[in-house]
Amino acid sequence: MATSDRPFQPFRNLNAKIASIPMILTALVIFIGCTIWTIYYSFTKSKLLPKSNFVGFDQYERLWSTRRWLVSIENLVIYGSLSLIFSLIIGFLLAALLDQKIRFEDTFRTILLYPFALSFIVTGLVWQWILNPDFGVQSVVQGLGWESFSFNPLYDADIVIYGVLIAGLWQGTGLVMCLMLAGLRGIDEDIWKAARVDGIPMWKTYLYIVIPMMRPVFITTIVIITSGIVRVYDLVVAQTGGGPGIASEVPAKYVYDYMFQSQNLGQGFAASSMMLVTVAVIVIPWAYLEFGGKRRG
Amino acid sequence: MEPSISIKNLALSFGALEVLKDLNLEVAQGEFLVLLGSSGCGKSTLLNCIAGLLDVTDGQIFIGGRNVTWQEPSKRGIGMVFQSYALYPQMTVAGNLSFGLKNARLPKAEIEERVNRAAKILQIEPLLKRKPAALSGGQRQRAAIGRALVRDANVFLFDEPLSNLDAKLRADLRVEIKQLHQKLSNTMIYVTHDQIEAMTLADRIAIMRGGLILQLGSPNEIYNKPVNKYVAEFIGSPSMNFFDGQIDDSSSKFSTGAQVFPLEGYGFKEGTSPKGPAWLGIRPEHMVNGAEAEAAPIRMQGKVELVEPLGSDTLARVSAEGHSLWVRLDGQVSISDGDAITIGFDPARANIFDKTTENRL
Amino acid sequence: MADTDVLPNNTSTGLETSGPRGPRPRPMLSRRNIILYGTLIVIAVYYLLPLYVMIVTSLKGMPEIRLGNIFAPPVEVTFQPWVKAWAEACTGLNCDGLSRGFWNSVRITVPSVIISIAIASVNGYALANWRFKGSEIFFTILIFGSFIPYQVMIYPIVIVLRELGVYGSLTGLVIVHTIFGMPILTLLFRNYFVSVPEELFKAARVDGAGFWGIYLRIMLPMSLPIFVVAIILQITGIWNDFLFGVVYTKPDTYPMTVQLNNIVNSVQGVKEYNVNMAATIITGLVPLIVYFLSGKLFVRGIAAGAVKG
Ligand SMILES: Nc1ncnc2c1ncn2[C@@H]1O[C@H](COP(=O)(O)OP(=O)(O)OP(=O)(O)O)[C@@H](O)[C@H]1O
Ligand SMILES: [Mg+2]
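The model shown is predicted, which means the values in this text are computed figures rather than measured ones. (Residues numbered from 1 in each chain as written. Chains lettered and ligands numbered in written order. Predicted model: local features only at pLDDT ≥ 70, side-chain atom pairs only at ≥ 80, totals over all residues. Heavy atoms only, no water.)

With respect to a nonpolar patch on the surface
All names here are of chain A. A cluster of nonpolar side chains, namely F11, L14, I18, I21, L25, L28, V29, I32 and I36, defines an oily patch on the protein surface of about 790 Å² accessible area. Mapped onto the nonpolar patch, the elements with two or more residues apiece are α1 (14–19) and α2 (21–41). Broken down by element, the residue count for the nonpolar patch peaks at six residues, all from α2. Secondary-structure assignment places L25 in helix α2. (Patch = residues over 30% accessible without salt bridge, like charges linked within 9 Å, V, L, I, M, F, W, Y side chains within 5 Å. Areas by Shrake-Rupley, 256 points an atom, 1.4 Å probe, with all protein chains shown as cover. Salt bridge = Lys/Arg side-chain N within 4 Å of Asp/Glu carboxyl O. Helix = DSSP H or I, 4+ residues; strand = E, 2+ residues; numbered from the N terminus.)

Quick notes on the interface of chain A and chain C
Taken together, the contacts link 89 residues of chain A with 89 residues of chain C. On the chain A side of the interface with chain C, the three residues burying the most area are A:M23, A:F31 and A:W129, jointly 10% of the side's total. Our count for the contact surface shared by chain A and chain C stands at zero salt bridges. At the surface where chain A touches chain C, the tally comes to 17 residue pairs in polar contact (both at pLDDT 80 or more). (Contact = heavy atoms within 4.5 Å. Buried area = accessible area lost by both parts, 1.4 Å probe. Polar contact = N/O pair within 3.5 Å; in protein donor to acceptor, adjacent residues only side chain to side chain.)

Remarks on helix α7 (residues 170–195) of chain C
Residue and element names in this part refer to chain C. Its 26 residues place the ends of α7 36 Å apart at the C-alpha level, agreeing with the 38 Å of an ideal helix rising 1.5 Å per residue. For α7, the principal kink sits at M182 and spans about 50 degrees; a proline, P183, occurs within the next four residues. For α7, a buried count of 20 out of 26 residues is recorded, marking the element as mostly surrounded by other parts of the structure. (Expected span 1.5 Å × (residues − 1). Bend = angle between axes of the 7 residues up to and from the residue. Buried < 20%, exposed > 50% of the residue type's maximum accessible area, 1.4 Å probe, protein only.)

Let's talk about the packing of helix α6 (residues 120–130) of chain A against helix α12 (residues 256–264) of chain C
Running from N to C, α6(A) and α12(C) cross one another at 20 degrees; their axes reach a closest spacing of 10 Å. With respect to their mutual orientation, α6(A) and α12(C) come out roughly parallel. Note on packing geometry: the crossing formed by α6(A) with α12(C) is left-handed. From α6(A), A:I121, A:V122, A:L125 and A:Q128 reach across to α12(C), where they touch C:T257, C:L260, C:N261 and C:V264. Across the contact of α6(A) with α12(C), the residue classes break down as five nonpolar, three polar and no charged. (Axes fitted to C-alpha atoms, helices over the stretch in contact; angles between N-to-C directions. Parallel < 35°, antiparallel > 145°, perpendicular 65-115°, else oblique. Left-handed = near helix turned anticlockwise from the far one by under 90°. Nonpolar A, V, L, I, M, F, W, Y, C, P; charged D, E, K, R; others polar.)

Some remarks on the interface of chain B and chain C
The partner chain C presents 14 residues to the 24 residues of chain B that form the contact. Together, B:Y88, B:Q90 and B:F99 form the three largest contributors to the area buried by chain B at its contact with chain C, with a combined 28%. The tally of links between chain B and chain C comes to two salt bridges. A salt bridge links B:E72 to C:R205; the shortest N-O distance between them is 3.5 Å. Of all the secondary structure elements, the ones that give two or more residues to the side of chain B that touches chain C are β6 (78–81) and α2 (93–103) of chain B. The element best represented in the side of chain B that touches chain C is α2(B), accounting for four residues. Across the side of chain B that touches chain C, the residue classes tally to twelve nonpolar, nine polar and three charged.

What about the nonpolar core?
Counting residues in hydrophobic clusters, the biggest one holds 220 residues, and the most contacted among them are B:L46 and C:Y248. When sequence neighbours within four positions are dropped, the list of residues in contact with B:L46 reads B:I7, B:L10, B:L20, B:L23, B:L25, B:L35 and B:M208. If you look at the next biggest cluster of nonpolar residues, it comprises 46 residues, including B:F32, B:I111, B:I124 and B:F234. (Core = buried A, V, L, I, M, F, W, Y, C linked by side-chain atoms within 4.5 Å.)

Some words on the pattern of salt bridges
In a structure, side chains of opposite charge can pair up when their charged atoms sit close to one another. Residues and elements named next belong to chain A. All told, the structure shown has 23 salt bridges over all chains when counted by the stated rule. The salt bridge partner of R185 is E105, with a shortest N-O separation of 3.2 Å. On the criterion of sequence distance, the pair formed by R185 in helix α8 (residues 160–185) and E105 in helix α5 (residues 105–117) is long-range, its members being 80 residues apart. Taking the relative accessible area as the measure of exposure, E105 reaches 17% and is therefore buried. Within the structure, one salt-bridge network assembled from shared partners comprises R68, E249, K253 and D257.

Let's talk about the site of ligand 1
Residues and elements named next belong to chain B. Inspection of the region around ligand 1 gives F14, L17, V19, S39, G40, C41, G42, K43, S44, T45, E160 and H193 as its neighbouring residues. Contact between ligand 1 and S39: an oxygen atom at 2.4 Å from a side-chain N or O atom of the residue. Between S44 and ligand 1, the recorded distance is 2.5 Å, taken from a side-chain N or O atom to an oxygen atom. About the coverage of ligand 1: the protein hides 58% of its 630 Å² of free accessible area. Breaking the shell around ligand 1 down by element, the ones donating at least two residues are β2 (17–27) and α1 (43–51). Ranked by residues supplied to the shell around ligand 1, first place goes to α1 with three residues. Residue composition of the shell around ligand 1, by class: four nonpolar, six polar and two charged. (Near = heavy atom within 4 Å.)

A closer look at the side chain of A:T35
As for its placement among the helices and strands, A:T35 is situated in helix α2. Under the relative-accessibility criterion, A:T35 is labelled buried at 7%. Setting aside its immediate chain neighbours within four residues, A:T35 contacts A:I30, A:L276, C:I148, C:V152 and C:M153.

Description of the pairing of strand β7 (residues 155–159) of chain B
All names here are of chain B. Burial within β7 is extensive, with five of its five residues counted as buried. Pairing between β7 and strand β8 (residues 187–192): five bridges, direction parallel. Across the sheet, V155 pairs through a bridge with T187, a residue of β8. Once the chain exits β7 it traverses helix α5 (residues 167–184) before rejoining the sheet at β8, and the crossover so formed is right-handed. (Pairing = 2+ DSSP bridges. Right-handed = clockwise from strand over helix to strand, strands pointing away.)

Considerations on the packing of aromatic side chains
The final tally for this structure, using the stated rule, is 59 aromatic pairs over all chains. A ring pair is formed by A:Y233 and C:F242, whose centres lie 6.0 Å apart and whose planes are at 40 degrees; its orientation type is tilted. Placement of the pair is A:Y233 in the loop between α11 (215–230) and α12 (234–239) and C:F242 in the loop between α10 (224–240) and α11 (243–248), with the two residues belonging to separate chains. Looking at A:Y233, the relative accessible area reads 4%, which means it is buried. (Phe/Tyr/Trp six-rings, centres within 6.5 Å; stacked < 30°, edge-to-face > 60°.)

Section: the domain arrangement of chain C
Residues and elements named next belong to chain C. Examined at the domain level, chain C breaks down into domain 1 (31–78) and domain 2 (99–306). Summarising the inter-unit geometry, the C-alpha centres of domain 1 and domain 2 are found 33 Å apart. Taken together, the ten residues of domain 1 in the interface contact ten residues of domain 2. Across the domain 1/domain 2 interface, buried area totals approximately 710 Å², and carbon plus sulfur atoms make up 81% of it. Area buried by domain 1 at its contact with domain 2 is led by M54, S58 and M62, which between them contribute 61% of it. Scanning the region where domain 1 abuts domain 2 turns up zero salt bridges. Of all the elements in the fold, those that place two or more residues in the side of domain 1 that touches domain 2 are α1 (31–58) and α2 (62–67). Looking at the side of domain 1 that touches domain 2 element by element, the count peaks at five residues for α1. (Domains from an automatic or database assignment.)

Dropping the structure here:
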């Protein structure tokens with residue numbers, strides 16, 4: 001009996017393999033290769049050029065004893081936790097407002113989301129101008145007669161990070177609102193009908209029924225916000241340049257400055273490896289919860 | 001004559017899940033074979049293996065005498081019709097029909113001729129210029145059949161082609177498919193959940209369960225002589241009534257509870273005289289009542305619990321001697337809940353299954 | 001919300017004909033609506049304020065800015081700041097305005113968008129319909145890789161690009177954007193193609209179409225919306241990028257965002273706030289136009305992109 005040719009294994013599905021080459025290269029060379037490379041060289045004394053002169057954990061010790069890094073971490077924690085909490089609360093409230101079958105919903109949503117289309121550079125520069133002590137909000141309020149009013153986040157080292165936070169929230173809450181709104185819309189209409197027939201007040205329905213049902217949306221949103229927070233860089237560069245002094249420095253800026261300006265590669269590598277650790281601490285438990293229990297295809 | 005399709009020791013697993021196990025099947029040229037079985041038993045998987053859409057784990061598949069186990073779907077000489085129609089949404093009906101032929105680089109004139117011929121057979125000529133979205137369910141399914149038809153394939157594979165349609169259309173298209181088969185006389189393998197479809201269309205039915213073919217036979221055989229209790233229960237609605245009991249040592253009596261049924265007329269497998277624990281099954285439509293019951297070899301007194309008039313006939317749930325039984329009665333009979341009723345049946349129409357193996361005795 | 005629901009009490013007198021009848025009245029100016037729309041309008045004003053401030057500032061002359069407050073509309077409208085921002089503003093030694101950065105950004109964005117989408121869509125299609133041994137593993141690495149902070153990878157990539165001889169050129173930046181756009185785009189396309197009924201793909205295989213045939217003739221024509229979503233996602237993402245621009249390009253190939261930042265935050269010279277704001281608007285204009293034109297698709301894009309990673 002005639003037998004059709006058995007295709008040679010590696011060449012089976014050849015086109016799909018060819019089409020996946022860029023993905024395979026990116027996964028292996030960039031995501032795995034480059035990451036390992038950086039971690040490897042973070043244990044060296046590389047200055048202007050990467051060199052394999054190992055110094056153990058020296059770079060990390062130096063890192064954690066540098067005031068600028070500590071300030072960066074402190075800022076990241078403050079900015080990160082506040083931005084997470086506020087964007088979740090504000091985003092959810094906005095979504096709940098828009099979910100009231102209002103008229104002009106599209107218009108309102110367009111207005112709340114447009115900042116997200118803008119770059120962090122644009123966002124940072126606008127808020128730099130609005131918070132300008134001589135011309136911005138502070139001077140306007142003073143001009144209205146409240147002479148002693150003082151709100152000068154850009155030049156006050158104690159509160160500068162809150163100035164950045166305002167800009168960050170303005171830019172990012174629209175996205176959270178959109179995700180939450182999609183989550184709300186995904187909830188079965190019948191739940192609302194049942195709650196209404198049962199006479200449960202709206203806020204209670206949200207608090208005890210809807211929010212628990214939206215757990216997956218909240219988790220996804222939290223992961224998205226946090227992985228964005230760790231990267232925050234452009235916003236600070238544009239709005240404050242890390243100042244006044246080093247008061248608004250963040251880790252990502254520390255990495256860039258050490259790698260490309262101070263020509264201290266080892267420090268940059270160690271700092272970026274620390275950023276990776278931070279992300280891993282957040283992503284791994286999430287991934288475990290999301291995919292660990294049930295194996296997926 | 002050489003079988004049209006022959007499947008030898010076919011096995012297929014998805015990872016650790018063995019869906020098909022050592023499956024053998026031969027389909028004769030021009031035969032209409034229906035695959036029937038509960039959801040998830042591997043019907044679609046088997047069909048996809050025959051089509052070449054899944055790589056088999058083990059075994060061989062022959063179509064028209066050729067070993068096609070490693071061959072591309074388009075080279076197997078098959079046409080396939082899917083449950084969701086799977087019409088290409090952006091192409092017109094004509095485009096859908098001709099796509100495969102264009103891929104096979106047939107000359108333009110030939111493509112046109114074949115499309116027109118198929119359209120004529122299926123009466124979709126006026127629809128050729130329309131997109132699938134502008135068709136009704138029945139028209140879409142006709143177009144999908146047309147796509148298989150133009151390929152001039154010797155083997156047609158249908159995966160639940162009618163299950164997305166309403167009852168009326170389903171009945172109409174069923175007749176059309178039957179006529180199509182008579183006209184084309186090519187081999188057809190047809191997957192369905194619908195017993196009526198299976199009984200009316202099939203030359204032979206294969207009942208599948210857990211990746212195995214339990215019984216392969218004519219609709220008649222399957223209905224009257226199911227090989228085991230599973231098949232017996234699966235075919236027929238409402239399903240067979242069962243009595244749990246014992247066959248006596250002489251294989252001539254079946255006792256259940258306080259009752260003893262004579263088994264004269266029941267055909268045990270040739271040369272066997274089984275005894276011991278067993279199930280006796282009788283279909284609701286083989287139960288009789290009234291005067292007929294008085295004359296039947298096996299009789300019981302019972303009480304009507306529930307009546308379901310269906311028009312053509314009436315289903316009654318009867319409790320008799322501690323059993324709860326479905327009985328199919330004439331549509332015009334006038335009974336109501338609580339009535340006393342005599343029911344009976346002929347053991348020749350019964351099926352007896354071993355208690356442990358559940359195979360027919 | 002329903003607090004008027006009292007069960008009707010029609011005992012023996014028959015039905016009361018003067019009671020509620022027809023649609024329940026829903027006054028436009030109910031207390032609920034006033035609070036709801038009031039809140040929404042206040043919030044909308046807050047979100048619009050920065051855009052308004054940008055525009056009015058860019059239309060004022062410097063003397064007016066020094067005297068007035070930033071929220072006041074311009075007394076005397078001037079387009080001079082726009083002209084200056086576009087054609088004359090200085091960064092370092094160059095004094096030819098933002099136009100240079102604009103054209104650089106165009107030359108970066110257009111090829112990056114096309115190449116990244118072409119690669120990712122074919123890749124997503126392969127992952128959805130033509131899985132091969134290991135394909136899911138690479139995909140998982142890709143998705144988890146997208147959580148790695150860019151800072152970890154930027155320096156080794158400098159070396160890779162230098163080896164390839166494209167460090168500092170627009171080509172290099174296009175490669176970088178293609179790489180980092182891959183996780184999200186591949187996910188987007190894979191999820192889309194997975195949702196296309198599998199039977200359609202099977203039917204096409206029975207019809208004898210191969211890998212490219214099915215992609216070009218079946219999948220591509222039916223996935224235009226998802227391509228639009230991807231294009232929107234990429235245009236805004238790449239246009240707004242700053243980090244890669246500043247790392248992988250040189251001053252004369254700087255994209256617009258980098259140049260904008262250099263203009264506004266340069267320490268030399270007198271601060272011209274009106275020019276700065278004009279430059280800021282001009283930079284934000286492209287993504288804003290894309291945003292306002294695309295409307296719902298933009299929302300779909302970010303929602304789709306946010307499914308995972
Ligand atoms: N791609 C796949 N990966 C893993 N398991 C699968 C896959 N396709 C099918 N299965 C499993 O194989 C078994 C048989 O599936 P199949 O689709 O053949 O069932 P079926 O008999 O056609 O059912 P239905 O009548 O519901 O269509 C099921 O248990 C199913 O879960
Ligand atoms: Mg099936």
